[in-house]
Amino acid sequence: ARLEKEKKLRRVFTQNIDGLEEVAGISKSKVVYCHGKLNTVTCTGKCRKQYPSSEIQNQIEQKLVPCCTCGGVLKPDVTFFGEPLHKHVKKSINQDRDVADLLLVIGTSLKVKPMSDLVS
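Note that the structure is predicted; figures quoted are calculated from it, not measured. (Residues numbered from 1 in each chain as written. Predicted model: local features only at pLDDT ≥ 70, side-chain atom pairs only at ≥ 80, totals over all residues. Heavy atoms only, no water.)

Participant: Got a minute to help me understand the side chain of T14 in this structure?
Facilitator: Looking at where T14 falls in the secondary structure, it is placed in strand β1 (residues 12-14). Leaving out residues up to four positions away in the same chain, T14 has contacts with E21, V31, V32, Y33, C34 and H35. (Helix = DSSP H or I, 4+ residues; strand = E, 2+ residues; numbered from the N terminus. Contact = heavy atoms within 4.5 Å.)

What follows is the structure, given as structure tokens:
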């Protein structure tokens, strides 16, 4: 958050899904959640309606599959293994790669694509 206040932060790319970057004070607009975030779920059915995760907490605790009013299954808004990342992740990487003066890599080996593309 301090780097953002000092106008030295272009963007934070995170593979975490807990949203702690925002809790730490980084603006939502500066964070790219590469694997999504657990705070919302989206209907996989026809309506594609999005809900706060808190609305399905009781169903999860009862070990029920959370369903939408349209009958579709509610899926956490995270990228599961084998699913492609959202297009905005690659777009942000491409926008930032050639203009960043410094890349800080913390807590990852950057050995798995597509995040390893940050340094290629």
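Participant: So what exactly am I meant to see when it comes to the nonpolar core here?
Facilitator: V32, C34, V89, I93, L110, M115 and L118 together form the largest nonpolar core, which totals seven residues. Residue contacts for L118: discarding those within four places in its chain leaves F13, I93, L103 and L110. Listed in part, the six residues of the second largest apolar core include V41, Y51, C68 and L74. (Core = buried A, V, L, I, M, F, W, Y, C linked by side-chain atoms within 4.5 Å. Buried < 20%, exposed > 50% of the residue type's maximum accessible area, 1.4 Å probe, protein only.)

Participant: What is the right way to read the state of the cysteines from this model?
Facilitator: Covalent bonding between the sulfur atoms of two cysteines is what defines a disulfide. One pass over the structure, following the stated rule, counts zero disulfides. C43 takes part in no disulfide bond, and the closest cysteine sulfur, belonging to C70, lies 3.5 Å away. Unpaired in terms of disulfides, C68 finds its nearest cysteine sulfur in C47, a separation of 3.5 Å. Looking at C68, the relative accessible area reads 7%, which means it is buried. (Disulfide = S-S within 2.5 Å.)

Participant: I keep staring at a nonpolar patch on the surface and nothing clicks. Help me out?
Facilitator: Taken together, the side chains of L3, L102, L104 and I106 present a nonpolar region at the surface, about 470 Å² in accessible area. If you trace the backbone, L102 turns up in the segment after α4 (87-97). (Patch = residues over 30% accessible without salt bridge, like charges linked within 9 Å, V, L, I, M, F, W, Y side chains within 5 Å. Areas by Shrake-Rupley, 256 points an atom, 1.4 Å probe, with all protein chains shown as cover. Salt bridge = Lys/Arg side-chain N within 4 Å of Asp/Glu carboxyl O.)

Participant: Is there a simple way to think about the confidence of the model for the protein chain in this case?
Facilitator: Low pLDDT marks regions whose predicted coordinates should not be analysed in detail. Looking at the protein chain as a whole, its pLDDT mean stands at 91, while 98% of the residues score no less than 70. Averaged pLDDT values for the elements of the protein chain fall to 90 in α4 and rise to 97 in strand β4 (residues 50-52). (pLDDT = per-residue confidence, 0-100.)

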